[in-house]
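Now for the letters of each chain:
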Amino acid sequence: MRPRVIINCAVSLDGKLALGTWRQTRLSSEEDMARVHRLRNSVDAIMVGIGTVLSDDPKLTVKEKYVENPRNPTRVVVDSRLRIPRDAQVLNGAAPTIVATTEEAEGTVPNAEVIRCGRGKVDLSLLLELLRERGIRSVMVEGGSRLIGSLLRQGLFDELKVYVAPVVIGDGAPTLAGFPAAKSHEETVKLILTNVERLGEGVLMEFVPAGKV
Ligand SMILES: NC(=O)c1ccc[n+]([C@@H]2O[C@H](COP(=O)([O-])OP(=O)(O)OC[C@H]3O[C@@H](n4cnc5c(N)ncnc54)[C@H](OP(=O)(O)O)[C@@H]3O)[C@@H](O)[C@H]2O)c1
């Protein structure tokens, strides 16, 4: 059994998560930021890949500006080789933090519990099961490209929420599909659109996996 997995991201009109440098750029409108923080506050855990920690250094906490008396769910970083910088903001002690790594990775991380699952890369299916055993019933995945890509390809998600901003970034920037492109229609990840909503200057689209309905 695994927790409910909600993938959330903001993209440009051409489906890019960040700039060509892979540095983040603000894509969410103020209305979308408020939605993201409310969603963070409603889940048991917020998960990102190590690439996002290295490029954006997010705190992954809930801002009081958007939510009164925020809960600050557990933060989970997927990091096969324990590359996490010891001064990363997710290690600031503001919320419980788990670093998920592989059997072969050695060492500890300050202000975080290290969970070992899988060899080579973190076994996401096993990680989700271990999180569920720790009482985590819902996980919001906030990026980046390769972590979202793996979850989409493995069908390890229940909802996908994509905020589309009215900007165009161009070739070479990361997308929400950080995996080799499908070479046939059968290989594509299929989704069902369940909701569309204007939020500020952009649009929120919500999907579920096609197999789930
Ligand atoms: N617009 C948005 O909503 C948004 C949100 C977040 C991030 N971003 C952007 O996304 C970009 C970062 O994407 P990214 O792909 O570099 O980073 P990522 O998805 O955050 O992390 C990917 C890394 O996680 C590790 N990993 C371990 N096991 C994995 C598995 N089973 N599947 C996938 N990854 C696994 C791998 O590194 P190891 O092998 O070393 O462990 C992998 O390279 C940045 O440009 C950031 O700004 C955008």
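Worth saying up front: this structure is predicted, and the values here are computed from it rather than measured.

**Remarks on the overall build of the protein chain**
A count of helical and extended segments in the protein chain gives four helices and nine strands. Its helices and strands in sequence order give the protein chain the pattern β-α-β-α-β-β-β-α-β-α-β-β-β, from N to C terminus. Computed over its C-alpha atoms, the radius of gyration of the protein chain comes to 17 Å, within 12% of the 17 Å expected for a compact globule of 213 residues. Along the longest, intermediate and shortest principal axes, the C-alpha atoms of the protein chain span 45 × 45 × 35 Å. Within the span of the protein chain, comprising 213 residues, buried residues form 36% of the whole. At a minimum sequence separation of 6, the contacts of the protein chain that also span at least 24 residues come to 68%.

**Topic: the nonpolar core**
Grouped together as the largest cluster of nonpolar side chains are 49 residues, with contacts concentrated most on Ile7, Val77, Ala100, Val139 and Val141. Sorting elements by how many residues they give to this core places strand S1 (residues 4-12) first, with six residues. Residues within four places of isoleucine 7 in sequence aside, it is in contact with Val141, Ile148, Leu151, Phe157, Glu159, Leu160 and Lys161.

**A closer look at unusual backbone geometry**
Note the cis peptide between glycine 143 and glycine 144, where omega equals 0°. Relative to the helices and strands, glycine 144 resides in the loop between strand S6 (138-141) and helix H4 (145-154). Residues other than glycine seldom take positive phi values, yet asparagine 69 does so here, at roughly 45°. Looking at where asparagine 69 falls in the secondary structure, it is placed in the loop between helix H2 (50-56) and strand S3 (74-78). On the basis of neighbour counts, which here come to 7 C-beta atoms within 10 Å, the residue asparagine 69 falls in the exposed class.

**Let's talk about the pairing of strand S2 (residues 45-49)**
Counting buried residues in S2 gives five out of five residues, a clear majority hidden from the surface. Side chains Ala45, Met47 and Gly49 project from S2 onto one buried face, and the interleaved Ile46 and Val48 project onto a second face that is buried too. Relative to S3, S2 is paired through five bridges, and the arrangement is parallel. Paired with glycine 49 across the bridge in S3 is valine 78. What joins S2 to S3 is H2, and the crossover it makes is right-handed.

**A few points about the site of the ligand**
In the neighbourhood of the ligand, 31 residues make up the surrounding shell, with Gly49, Gly51, Ser80, Gly143 and Gly144 lying closest. Looking at the shell around the ligand, the elements with two or more residues in it are S1, S2, H2 and H4. Counting residues per element, the shell around the ligand draws most heavily on H2, which supplies five residues. Taken together, the residues of the shell around the ligand break down into 13 nonpolar, eleven polar and seven charged.

**A closer look at the sheet that holds strand S7 (residues 159-165)**
Spatially, nine strands are ordered S5-S4-S3-S2-S6-S1-S7-S9-S8 in an open sheet, and the strand pairing comes out mixed. Strand pairing shows two members of the sheet lacking a second neighbour, strand S5 (113-116) and strand S8 (191-199), which therefore form its edges. Across the sheet, the mean angle separating the axes of adjacent strands is 20° when strand polarity is ignored.

Here is what the cut-offs are and how they apply
- Residues numbered from 1 in each chain as written.
- Predicted model: local features only at pLDDT ≥ 70, side-chain atom pairs only at ≥ 80, totals over all residues.
- Helix = DSSP H or I, 4+ residues; strand = E, 2+ residues; numbered from the N terminus.
- Rg over C-alpha atoms; globule rule 2.2 N^0.38 Å.
- Buried ≥ 20, exposed ≤ 12 C-beta atoms within 10 Å, placed from the backbone.
- Contact = placed C-beta atoms within 7 Å.
- Core = buried A, V, L, I, M, F, W, Y, C linked by C-beta atoms within 7 Å.
- Pairing = 2+ DSSP bridges.
- Right-handed = clockwise from strand over helix to strand, strands pointing away.
- Near = placed C-beta within 6 Å.
- Nonpolar A, V, L, I, M, F, W, Y, C, P; charged D, E, K, R; others polar.
- Axes fitted to C-alpha atoms, helices over the stretch in contact; angles between N-to-C directions.

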